[in-house]
Amino acid sequence: MIPYGKQSINEDDIDAVLKVLKSDFITQGNAVPAFERELSKSCDVPYVTVVNSATSALHLACLALGLGPGDTAWTTPISFVATANCIRYCGANVDFVDIDPGTFNLCPLRLAEKLNFHRKKGLPLPKVVIPVHMCGQSCDMKAIFDLSLEYGFKVLEDGAHAIGAHFHDRPVGCSDYSDATVFSFHPVKIITTGEGGAVLTRNQEIAEKVALLRSHGVTRDPEKMDQEPDGSWYYQQVDLGFNFRMTDLQAALGLSQLERLDQFIETRQKLADRYTRLLADLPLKLPEVKSGCFSAWHLFVIRLNLEQIALSHKEVFEQLREAGIGVNLHYIPIYRQPYYRKSGFEGFSLPESEAYYQEAITLPLFPSMTEPQQDEVCSALQKVLSQ
Ligand SMILES: *Cc1c(COP(=O)(O)O)cnc(C)c1O
């Protein structure tokens, strides 16, 4: 089976991890801050805090943005469930905004409509909006930022797919148009630490809060304590935090992977361009890249023109799997999950998200994918669609 995604690990990565294993600190050592510094340079953003997953990063960022019971946050239904769950972890309510059918990103026009409608009707307005850079292409962050100024909400970018992407020549993660950005370093993503994530921000207060909550809410900084330290052993727990730390083994792997970020993106870009050429004549809608966007190409998602195809979406999907092509579907609209249906979304649906779910298929794409493997995917697809 050709998988839809997979990590690329080389000897340098292995050596970097072994070096930490043989050192004195396998956690809470120097590799974590070193990885944070390199991410900060790479994304041109002053503060980076790495954690044990993007899910933890989203959770801590939501807490740092002050999200709590009684608040509402809005996001897109076409994402992994973690993007909505982080809102629930804070005890806040979730609502969903429909997508742009070409980029599958949260649509700023639908967002503007919904904000206007909620304001007019006295319905809850969001405290935080979480756009997701689907497949590695940035949302229209300028449009979302302008709305945030008008309606007074905060913006948290879910950039789990998008390290290495650019929006108007600025790296995703720079957080020019948001309060913070989150990355994931899960093995299917662009670079990996096994499990891992990061919160990037230009706001010192948010960064300090995330760092505090990452490690039990415990501080050794006398300035943050409510009394003089009892002695040099002294620490204080000043907030209810977690253990969401990344280990130094992971950070060393991340540092080594980050050196190859441009290379990974270049290979993904080449493969995506090649898919676009090879699939041009099939009854498909191919992914659109908007002007001003440079995608990290985490995913290559096609949409079937079902009226031109004899088989159903499910049949196409199953037959590709039978042909050894590890296709996937990113994502089932989150409001369709039983947990969300039980929490007020029974019968809820958004038209573009539904249409997307009926047609979308993710094709394999990863840096070590060979041209013959890609040809195999394309000919399997051609064969299935010509029935
Ligand atoms: C993978 C992913 C996450 C969660 O990342 P983890 O590091 O696995 O916790 C969140 N949001 C999106 C859009 C993702 O793709």
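Here, the structure is the one placed above.
These figures come from a predicted structure and were not determined experimentally. (Residues numbered from 1 in each chain as written. Predicted model: local features only at pLDDT ≥ 70, side-chain atom pairs only at ≥ 80, totals over all residues. Heavy atoms only, no water.)

Chemist: Even after reading the chapter, I still don't get the overall build of the protein, so can you show me in this structure?
Modeler: Looking only at helices and strands, the protein features 13 helices and 15 strands. The globule rule puts the C-alpha radius of gyration for 387 residues at 21 Å, and the 22 Å found for the protein is close to it. Considered along the principal axes of its C-alpha atoms, the protein spans approximately 75 × 60 × 40 Å. Counting every position in the protein, which comprises 387 residues, the buried fraction comes to 55%. Across the protein, every contact between residues at least 6 apart in sequence was considered, and the portion connecting residues at least 24 apart equals 73%. Entry remark: accessible area of the protein is about 17200 Å², with carbon and sulfur atoms responsible for 50%. Of note, the protein has its 36 positive side-chain charges centred 3 Å away from the centre of its 48 negative side-chain charges. (Helix = DSSP H or I, 4+ residues; strand = E, 2+ residues; numbered from the N terminus. Rg over C-alpha atoms; globule rule 2.2 N^0.38 Å. Buried < 20%, exposed > 50% of the residue type's maximum accessible area, 1.4 Å probe, protein only. Contact = heavy atoms within 4.5 Å. Areas by Shrake-Rupley, 256 points an atom, 1.4 Å probe, with all protein chains shown as cover. Lys, Arg positive; Asp, Glu negative; His and termini not counted. Charge placed at Lys NZ, Arg CZ, Asp CG, Glu CD.)

Chemist: Looking at this model, I keep getting lost on empty space enclosed by the protein. Mind explaining?
Modeler: Gaps left between atoms show up when a probe the size of a water molecule is rolled over them. By the definition in use, this model includes 2 cavities of 30 Å³ or more. Estimated volume of the largest cavity: approximately 80 Å³. Class assignment of the residues belonging to the lining of the largest cavity gives a composition of 6 nonpolar, 4 polar and 1 charged. Estimates place the volume of the second largest cavity at around 40 Å³. In this structure, the second largest cavity is lined by K6, Q7, S8, P187, K189, I190, I191, T192, Q257, F264, R268 and P367. Within the lining of the second largest cavity, the residues separate by chemical class into 5 nonpolar, 4 polar and 3 charged. (1 Å grid on protein atoms, 1.4 Å probe; cavity = no way out; pocket = protein on both sides within 12 Å on 5 of 7 lines; lining within 4 Å. Points joined across faces, edges and corners; volume = space filled by probe spheres on them. Nonpolar A, V, L, I, M, F, W, Y, C, P; charged D, E, K, R; others polar.)

Chemist: Even after reading the chapter, I still don't get the site of the ligand, so can you show me in this structure?
Modeler: The local shell around the ligand holds 14 residues, among which T55, D158, H161, S184 and K189 are the closest. A distance of 2.8 Å separates a nitrogen atom of the ligand from a polar atom in the side chain of D158. Isolated, the ligand exposes 380 Å² of accessible area, and the fraction of that covered by the protein chains is 92%. Split into classes, the residues belonging to the shell around the ligand amount to 5 nonpolar, 7 polar and 2 charged. (Near = heavy atom within 4 Å. Polar contact = N/O pair within 3.5 Å; in protein donor to acceptor, adjacent residues only side chain to side chain.)

Chemist: Looking at this structure, I do not really get the layout of surface pockets. What am I missing?
Modeler: Size it by volume and the largest pocket reaches roughly 420 Å³. In terms of lining, the largest pocket is formed by E205, E208, K209, A211, L212, V218, T219, R220, D221, K224, Y235 and D239. Broken down by secondary-structure element, the contributors of at least two residues to the lining of the largest pocket are α7 (204-214) and β10 (218-219). A per-element tally of the lining of the largest pocket places α7 first, with 5 residues. Residues of the lining of the largest pocket, tallied by class, amount to 4 nonpolar, 1 polar and 7 charged.

Chemist: Which parts of the structure should I look at to understand helix α6 (residues 141-151)?
Modeler: Each turn of an α-helix holds 3.6 residues, which means side chains three or four residues apart point in the same direction. Along α6, the residues that are buried comprise M141, I144, L147, S148 and Y151. Around the axis of α6, the buried residues are gathered within 125° of arc, so they sit on the same side. Looking at the buried residues of α6, the elements they touch are α5 (108-121), β5 (154-158) and β6 (166-167). One or two residues past the end of α6 sits G152, with phi positive at roughly 70°. (Arc of directions from axis to C-beta.)

Chemist: Please explain the packing of aromatic side chains as it appears in this structure.
Modeler: Both the distance between ring centres and the angle between the ring planes are used here to describe each pair of aromatic rings. With the rule as written, the count across this model stands at 14 aromatic pairs. Note on F35 and F185: the rings are 5.4 Å apart at their centroids and 55° apart in plane angle, and the pair reads as tilted. Within this pair, whereas F35 is found in helix α2 (residues 31-43), its partner F185 is found in the loop between β8 (180-184) and β9 (197-201), the two being separated by 150 residues in sequence. The interplanar angle of 50° and the centroid separation of 5.4 Å between the aromatic rings of F145 and Y177 together place this pair among those described as tilted. Of this pair, F145 sits in helix α6 while Y177 sits in the loop between β7 (170-171) and β8; the two residues are 32 residues apart in sequence, bridging distant segments of the chain. What links up through ring pairs into an aromatic cluster is the set F96, Y335, Y339, Y340, F345 and F348. Note that K114 overlies the ring of W74, its terminal NZ or CZ placed 5.1 Å from the centroid. (Phe/Tyr/Trp six-rings, centres within 6.5 Å; stacked < 30°, edge-to-face > 60°. Lys NZ or Arg CZ within 6 Å of the ring centre and 35° of its normal.)

Chemist: Would you explain the nonpolar core in this entry?
Modeler: One broad trend across soluble globular proteins is that nonpolar side chains are buried collectively. Ranked by internal contacts, the top residues of the largest apolar core, which has 42 residues, are L279 and L363. Element by element, the count of residues in this core is highest for helix α13 (residues 371-385), at 6 residues. Not counting residues within four places of it along the chain, the set of residues in contact with L363 comprises Y4, Y275, L279, F300, I302, V327, V377 and L381. Ranked by size, the runner-up nonpolar core spans 34 residues in total, among them A64, I87, L156 and V210. (Core = buried A, V, L, I, M, F, W, Y, C linked by side-chain atoms within 4.5 Å.)

Any functional reading would require information that these geometric values do not contain.
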